[in-house]
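# Residue-level structural notes
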Amino acid sequence: MLPNLSRLHHSTVTRFGRRRGRMLLAAGFLAVVLTVVMMFSLRDRFVPEDRNWPTYQEPPTLVYRREDLQRIWEWEVAAGHYPSGQKIPETIGLTTPPLNPALPPRKSSTIPTRFRPPSVTDTTGIGAKRVYIDIQAKPPNVAYPPRPLPGSVADMDVIMEHCDFSQNKYVRDCLEVLRLGGGLDNGARVRRGKMDEWKYIYVEDGELQNSTQTVPPVNPAVALKSQGVADPNAGFVKKRNADWEPHVRFAQPPKYVAHQDRPASCEENPHLYHMFWTGPFTDKPYLALLSFLYTQNLGLNIEPGHDESISCRPKFWLWINPGPAASVPNPTAMRDMFEQLKSNPWASPFLHPRFKDVIQFKLWNTTEQLDGIPELKDEWRDLRDTLFNSGGVVEKIPQQVESSSTTEDDAATPAQSGLSKSGEEDDKVNRVGSKSPSSYDRLSVILSDMARFVLCHRFGGIYLDADTILLRDWEELWGWKGAFAYRWSRLDRYNTAVLKLNKGSALGTFLFRTALKNGLDFHPMTVSRYTKDAALEPLLLRLPDALFDSAWLNTEDFQRERPPQPYFTEFGDFFFTPREKSAAPHALGFDGFFKGAYSYHFHNFWWQPFDAARNWPDLGPRFINGERIARVQADAAQPQVAGSEFPEDLVADDKRDLDWSVVIKRTFEAFIRGETPNMYGEWVKW
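Overview of the structure. Just so you know, these numbers come straight off a predicted model, no measurement behind them. (Residues numbered from 1 in each chain as written. Predicted model: local features only at pLDDT ≥ 70, side-chain atom pairs only at ≥ 80, totals over all residues. Heavy atoms only, no water.)

## Focus: the state of the cysteines
Note the following rule: When two cysteine sulfur atoms are found within 2.5 Å, that pair is recorded as a disulfide. Going along the chain from the N terminus, every DSSP run of H or I of four or more residues is numbered as a helix, and every run of E of two or more is numbered as a strand. Per-residue accessibility, obtained with a 1.4 Å probe over protein chains only, is compared with the maximum for each type, and a residue is labelled buried under 20%, exposed over 50%, and partly exposed between these values.
One pass over the structure, following the stated rule, counts one disulfide. Bridging Cys 163 to Cys 174, the disulfide has an S-S length of 2.1 Å. Taking the torsion about the S-S bond as the criterion, the Cys 163 to Cys 174 disulfide, at about 85°, is right-handed. Here Cys 174 lies in helix H5 (residues 171-181) and Cys 163 lies in helix H4 (residues 156-163), a separation of eleven residues in the sequence. Its relative accessible area of 0% is what places Cys 174 among the buried residues.

Following this line, the structure appears as structure tokens:
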């Protein structure tokens, strides 16, 4: 706070006289100036300019030696799980380029041996030639885009080139490349000229090639050279107070098979979507399943019984946790689950025989699932008191007496035993699902962080959070054999709301063993530390969030000068579209919703209906029984009209400005009712 100079001058002159007062003021001013000058001169004298002030560093998580990290890299590359030309981190210290069956041959380096770095950072491609395809609807059938070519593959290197936020790429521009390169422009042909640089989908042409390159002699890795006693793990920092993991020995990697040559059944690498759900079935998993039926190539447009020609038909496994996250299913849990699904209007439509081959409900059992992970089964019980660990914060579960209905063995943990006996039905332990912002089911969220890695490692496939809506066919994403998640908005971290892992992979072994030594923490921020500390980040590719979460950057004040369509400044805009933007949803429809993106993540809002005015499954006469139940629940006081079960629907009674969530829900439902085709122009055949 600055002094009042005029008042200071007046009081000083009044007290000491005009002459002495002014001299005192001048002396005081000079003293202040000299003090400031001395402070800066002392800083320059005693504090060096290049001094690095201490900064907070997250504790290391690494438990694998460099030798084992090299084995992980070599196994993943040999299995075809690294179809990328990006460099292997130099700190890994490979001395021989691994043979890469998922990458075509490239020209060998002409750099003289003496100028090459001591460690190898490239792989030697021996894969088939890549042919980048031009996907367009052909006249006169240009009203709908074509399905992706079976066996096609997305080149993630090209996608990263156009979409990487760290390289100042805009979500708007990324979506245009994804839209045009994927043939989703419906023949609009607004862009003119060649678009070869925007082609990111390819097919593999030909057989694997024998490498004719001679591997040049390379010097030992820097980390392996030292005078005196060598430290083979130099450059890596081990987790404090933890022992190195025993040396790993992996089985032979699976033989690489080009995506287009995969068996029709895809038994080894099935196209499985996994989703985890706790609590009563609501409109949230309902819409996720509808989006799956609307976008994926399931053969619903083919007469039942004649759809065997669909190769590697995707399947959706919805895993139901029947009670609170810390409870154990009782012996009748499976039967109870299906009884509840049959009586639930949001779930019962998906039990229809037409969907039995593509949608399956599975019962989640934490003990059974963890015992199914070879890397965990013998040791996870030692962490039973800290099983609910998220970002290093452990949610303590009270000690409880197991119920007589429990069927687990004596090793069942307090974290898995019966409900809390606190008497509060909605406390942290007993909570089942998130009913409002104030009753957030944190334990189920933590459990789902672990469940996604468990499911993908055990069965293979892609995990989706339940607040995810599919927006297009994922054929070319299945074709890319690597593992991936996506970027946490502006941060260089993972968000695992979408997660792809290969079944039983070396990367999966690393993640589970590392998590075990770090308290079974599977929070995406912690997983980011696991891969970073071990120089394995390229093996779990961090895709741009534009592909799966296109609104995220805008909600955090980034790229608002050039936003995508639609423009959300907060995630709530999906459910409550601002008035000044509310003409777009009804006018543009599904076609105007982040077109080009593979999915949309609406970030929670579990308690907010998609369509408050019609908060029931509106799937037509075939599913009328469920609609009856839901409509009664939605408005028990709704007056009945004589001769009709419900009052006649009037457009005048509908909300005038439809929100995006309403338009998306009603679009999917119209497809199931048979009133409109899906985004590829296909009609459901019953």
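## Some remarks on the packing of helix H6 (residues 283-295) against helix H16 (residues 660-673)
Note the following rule: What counts as an axis is a line fitted to C-alpha atoms, over the stretch in contact for a helix, and the angles between N-to-C directions run from 0 to 180 degrees. Angles are sorted into four bins: roughly parallel if under 35 degrees, roughly antiparallel if over 145, roughly perpendicular if 65 to 115, and oblique for all others. Less than a right angle of anticlockwise turn of the near helix away from the far helix marks a crossing as left-handed, whereas a clockwise turn marks it as right-handed. Contacts are assigned to residue pairs that have any heavy atoms within 4.5 Å of one another. Charged means Asp, Glu, Lys or Arg here, nonpolar means Ala, Val, Leu, Ile, Met, Phe, Trp, Tyr, Cys or Pro, and polar covers whatever is left, Gly included.
Packing of H6 against H16 brings their axes to within 10 Å, and their N-to-C directions diverge by 55°. Relative to H16, H6 is oriented oblique. Relative to H16, H6 is oriented so that their crossing is left-handed. Between H6, through Tyr 286, Leu 287, Leu 290, Ser 291, Leu 293 and Tyr 294, and H16, the contact on the second element is made entirely by Ile 664, Lys 665, Thr 667, Phe 668, Glu 669, Phe 671 and Ile 672. For the contact of H6 with H16, a count of residues per class yields nine nonpolar, two polar and two charged.

## Quick notes on the environment of Glu 90
With respect to the secondary-structure elements, Glu 90 resides in the loop between helix H3 (66-78) and strand E1 (99-100). Sequence separation of Glu 90 and Val 120 is 30 residues, and the distance between their C-alpha atoms is 6.8 Å.

## Section: the packing of aromatic side chains
Test applied: The rule is short: rings of Phe, Tyr and Trp, with Trp giving its six-membered ring, pair when the centres are within 6.5 Å, and they are stacked under 30 degrees, edge-to-face over 60, tilted in between. For a Lys NZ or an Arg CZ to count as sitting over a ring, it must be within 6 Å of the ring centre and within 35 degrees of the ring normal.
Applying the stated criterion across every chain yields a total of 52 aromatic pairs. Consider the rings of Tyr 64 and Phe 510, whose centres lie 5.7 Å apart with planes at 45°: the pair is tilted. Linking Tyr 64 in the loop between helix H2 (18-46) and H3 with Phe 510 in helix H11 (residues 506-516), this pair joins segments that are 446 residues apart in sequence. Take Tyr 64: its relative accessible area is 1%, and that puts it in the buried class. The interplanar angle of 70° and the centroid separation of 5.7 Å between the aromatic rings of Trp 277 and Trp 606 together place this pair among those described as edge-to-face. Of the two residues, Trp 277 sits in strand E6 (residues 272-278) while Trp 606 sits in the loop between strand E16 (599-601) and helix H15 (624-634), which places them 329 residues apart along the sequence. Here Trp 277 matches Trp 606 in class, with each residue buried. An aromatic cluster is present here, built from Tyr 273, Phe 292, Phe 316, Trp 474, Trp 478, Trp 480, Phe 484, Tyr 486, Trp 488, Phe 548, Trp 552 and Tyr 598 joined pairwise through their rings. One residue, Lys 284, lies across the ring of Phe 610, its end atom 4.6 Å from the ring centre. The ring of Trp 686 carries the charged tip of Arg 622 above its face, separated from the ring centre by 4.2 Å.

## Quick notes on the pairing of strand E5 (residues 201-205)
What counts, and what does not: When DSSP locates at least two bridges between a pair of strands, those strands are taken to pair.
The element E5 is largely enclosed, with a buried count of four among its five residues. Where strand E3 (residues 129-132) and E5 come together, four bridges link them in antiparallel fashion. Bridge pairing links Arg 130 to Glu 204 in E5. As paired strands, strand E4 (residues 153-154) and E5 are joined by two bridges and run antiparallel to one another. Paired with Val 153 across the strands is Tyr 202, a residue of E5.

## Considerations on the environment of Thr 95
Of note, Thr 95 is situated in the loop between H3 and E1. Between the alpha carbons of Thr 95 and Pro 118 there is a distance of 7.6 Å; along the sequence they are 23 residues apart.

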